[in-house]
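In case you want the letters, here they are:
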Amino acid sequence: MLIALSIIGGFLILTLGAEALVRGATTIALRLGITPLVIGLTIVAFGTSAPELAVSVKAALAGNSGIALGNVVGSNIVNIGFILGLTALIRPIQVKSEMVKRDIPIMIFASVLCWGLLLDGELSLLDGSIFIALLLAYVAFSYYSAKHTHDADGEVVEEGPKSPWLSLLFIMVGVGMLVGGGVLFVNGAVDLAKVFGVSEVVIGLTIVAIGTSMPELVTSVLAALKGQSDIAIGNIVGSNIFNILGILGIASVLYPVSGQGFQPLDFIVMLAFAVVILPFAWSKLRIGRREGAILILSYLAYLSYLISNANA
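Values in this document were obtained by computation on a predicted structure and should not be read as measured data.

Asks: I keep staring at the overall build of the protein and nothing clicks. Help me out?
Replies: Helix and strand counts for the protein stand at 12 helices and four strands. For the protein, the residues scored as buried account for 54% of the 312 residues in total. Considering only contacts within the protein whose residues lie at least 6 apart along the sequence, 87% involve residues at least 24 apart. With the model as given, the accessible surface of the protein reaches about 13000 Å², and the carbon-plus-sulfur share is 71%.

Here is the structure:
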């Protein structure tokens, strides 16, 4: 009973927190003259990744690096395979050319770098420092590009609070609810999985990853329903970049993150999902319902493989 209350309560808190964060962050960003695309790639993406950050740092400090790394790898797979796929099924996503030329390739590079640095078995303090430095450079470059790009076709973002102080309050409350709701949801889900004897790595790649990706799901689906494609896809691509460079960076600076127990297939799938949306988006600068269906079916196939192997 307590496990069910933890999962349901966590999901409700996550939903409310995502709504508060998006409204507050978009209002503040637009006051600074930042485009909706950059809002999605940075502020919204980093905010919706708060549960992944909280869970991975907590797991790393506790020595449960399997959950810390599995959470990031699994979340990146969920973000594209399931969330982007579902979002495109609900409403085809228009993709800006700068995302195809810059942000998606950066996400692919981060995925390759993560796998490469783990070839020695762990992410060290040095590896984490490299990740954090690259993330700061990416954020600075995105902000600089936004301030020097005039997007005449930019989307109109739904306004949030009129007062900037109220917007900041929305952001702080939203992030707090995302962290609290994410941890509550994950704790319930992990307890449920342990009852059935599921391994730590599989828990990280599936239940924890899906649970901590709930803010991305709620935010991107909500944005798609409102016709805000820039925020919908920017949130997903930005979250994947932040998950690797930010979350694994911070986690490995605090405590070495071990890659023990992970199969090459996990990283291959993460990289494959990152790569496949490049031709999808490049063709007509849109990700349609057919591409969304392909992404979801591919994710379900991977999830089925994990579950079948866990029960073997």
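Moving on, there is more to tell.
Asks: I keep staring at the pattern of salt bridges and nothing clicks. Help me out?
Replies: Any two side chains of opposite charge can pair, given that their charged atoms come close. In the structure shown here, the tally under the stated rule is three salt bridges. Of the charged contacts, one joins K96 and D230 as a salt bridge, the two residues approaching to 3.1 Å between their closest N and O atoms. Of the two residues, K96 sits in the loop between β1 (93-94) and α5 (97-117) while D230 sits in helix α10 (residues 229-254), which places them 134 residues apart along the sequence. The burial state of K96 is the same as that of D230; both residues are buried. For R102, the salt bridge is made with D103, and the minimal N-O distance between the two is 3.1 Å. By relative accessible area, which is 0% here, D103 ends up buried.

Asks: Is there a simple way to think about a nonpolar patch on the surface in this case?
Replies: A surface patch of nonpolar side chains, about 620 Å² in accessible area, is lined by W165, L166, L168, L169, M172 and V173. With respect to the helices and strands, the residue V173 is situated in helix α7 (residues 164-195).

Asks: I tried to follow helix α9 (residues 214-225) on my own but got confused; where do I start?
Replies: The first and last C-alpha atoms of α9 sit 16 Å apart over 12 residues, in line with the 16 Å expected at 1.5 Å per residue. Among all positions in α9, only M214, P215, E216, L217, V218, T219, S220, V221, A223 and A224 are buried. Two residues or fewer past α9, G227 is found with a positive phi of approximately 75°.

Asks: Is there a simple way to explain helix α3 (residues 50-61) in this structure?
Replies: Because the α-helix completes a turn every 3.6 residues, residues three or four places apart line up on one side. With 12 residues, α3 extends 17 Å between its outermost C-alpha atoms, agreeing within 8% with the 16 Å of an ideal straight helix rising 1.5 Å per residue. Residues A50, P51, E52, V55, S56, V57, A59 and A60 constitute the buried set of α3. Directly beyond the C-terminal end of α3, a positive phi value near 85° is found at G63.

Asks: Sorry if this is basic, but what is going on with unusual backbone geometry here?
Replies: The phi torsion of most residues other than glycine is negative, and most of the peptide bonds are trans. The backbone of L285 sits at a positive phi, close to 55°, despite the residue not being glycine. Within the secondary structure, L285 sits in the loop between α11 (264-284) and β4 (286-287).

Asks: Even after reading the chapter, I still don't get the packing of α5 against α11, so can you show me in this structure?
Replies: In a packed pair of helices, the relevant descriptors are the angle between the two axes and the axis-to-axis distance. Running from N to C, α5 and α11 cross one another at 170°; their axes reach a closest spacing of 10 Å. Here α11 runs roughly antiparallel to α5, going by the angle between their axes. Where α5 abuts α11, its residues V100, I104, P105, M107, I108, S111, V112, C114 and W115 lie against P264, F267, I268, M270, L271, A274, V275, I277, L278, A281 and W282. Residues that form the contact of α5 with α11 fall into these classes: 19 nonpolar, one polar and no charged.

Asks: Quick question: what am I supposed to make of the packing of α5 against α10 here?
Replies: Two elements in contact, α5 and α10, have axes whose closest approach is 10 Å; the angle formed by their N-to-C orientations is 30°. As summarised for this structure, α5 and α10 are arranged roughly parallel, according to the angle between their axes. The two elements α5 and α10 cross, and the hand of that crossing is left-handed. Facing M99, D103, I104, I106, M107, A110, S111 and C114 of α5, the residues of α10 in contact are I233, G234, V237, N240, I241, I244, L245 and L248. A class-by-class count of the residues in the contact of α5 with α10 yields 12 nonpolar, three polar and one charged.

Scoring rules and cut-offs
- Residues numbered from 1 in each chain as written.
- Predicted model: local features only at pLDDT ≥ 70, side-chain atom pairs only at ≥ 80, totals over all residues.
- Heavy atoms only, no water.
- Helix = DSSP H or I, 4+ residues; strand = E, 2+ residues; numbered from the N terminus.
- Buried < 20%, exposed > 50% of the residue type's maximum accessible area, 1.4 Å probe, protein only.
- Contact = heavy atoms within 4.5 Å.
- Areas by Shrake-Rupley, 256 points an atom, 1.4 Å probe, with all protein chains shown as cover.
- Salt bridge = Lys/Arg side-chain N within 4 Å of Asp/Glu carboxyl O.
- Patch = residues over 30% accessible without salt bridge, like charges linked within 9 Å, V, L, I, M, F, W, Y side chains within 5 Å.
- Expected span 1.5 Å × (residues − 1).
- Axes fitted to C-alpha atoms, helices over the stretch in contact; angles between N-to-C directions.
- Parallel < 35°, antiparallel > 145°, perpendicular 65-115°, else oblique.
- Nonpolar A, V, L, I, M, F, W, Y, C, P; charged D, E, K, R; others polar.
- Left-handed = near helix turned anticlockwise from the far one by under 90°.

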